[in-house]
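Topology and contacts: notes
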Amino acid sequence: MRDWQVIYSDDQEHRVDIVKAVLDDKGLSPVKINKQVSQHGFGNFEIFVSPDHVIRAIRIIKEEIKF
């Protein structure tokens, strides 16, 4: 996972879970990382994908997910 890239970041975990589920359904095997620094919700959750899936993942997010 060393070369994987962040393709989505949000402080709202439910949004990140939706993005991850959509990308999972498309077979991209995304990974969600909790980057919040405290229990008070400071920081973000991030979605990572492999370098081979970056362009496809970004396109899927832009075309299929509307928040």
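Described in the following lines is the structure provided in the data block. (Residues numbered from 1 in each chain as written. Predicted model: local features only at pLDDT ≥ 70, side-chain atom pairs only at ≥ 80, totals over all residues. Heavy atoms only, no water.)

Quick word on the sheet that holds strand β2 (residues 31-34)
For clarity, the threshold we go by: DSSP-based pairing: two strands are paired if at least 2 bridges between them are found. Counting from the N terminus, the helices are DSSP H or I runs at least four residues long and the strands are E runs at least two residues long. Orientation is described by axes fitted as lines to C-alpha atoms, over the contacting stretch for helices, and by angles from 0 to 180 degrees between their N-to-C directions. Contacts are assigned to residue pairs with any non-hydrogen atoms lying within 4.5 Å of each other.
With antiparallel pairing, the three strands of this open sheet are ordered in space as β1-β3-β2. A single partner strand is all that each edge strand has here, and the edge strands are β1 (5-10) and β2. In this sheet, adjacent strand axes meet at a mean angle of 30° when their direction is disregarded. Here four bridges tie β2 to strand β3 (residues 45-49), and the two strands are oriented antiparallel to one another. Its bridge partner lying in β3, I33 is registered against E46. Running at roughly 15° to β3, helix α1 (residues 13-25) makes contact with β1, β2 and β3 of the sheet. Contacting β1 and β3, helix α2 (residues 54-64) runs over the sheet at an angle of about 25° to β1.

Quick look at α2
Using the following cut-off: Buried residues are those whose accessible area, probed at 1.4 Å on protein chains only, stays under 20% of the maximum for their type, while exposed residues exceed 50% and partly exposed ones sit between those limits. Of all possible arcs, the one meant is that of the directions from the helix axis to the C-beta atoms.
Burial in α2 covers these residues: V54, A57, I60 and I61. Burial along α2 is one-sided: seen end-on, the buried residues are contained in an arc of 130°. α2 presents I55, K62 and E63 as exposed residues on the side facing more than 90 degrees away from its buried surface. Tucked into the core, α2 has its buried residues touching β1, α1 and β3.

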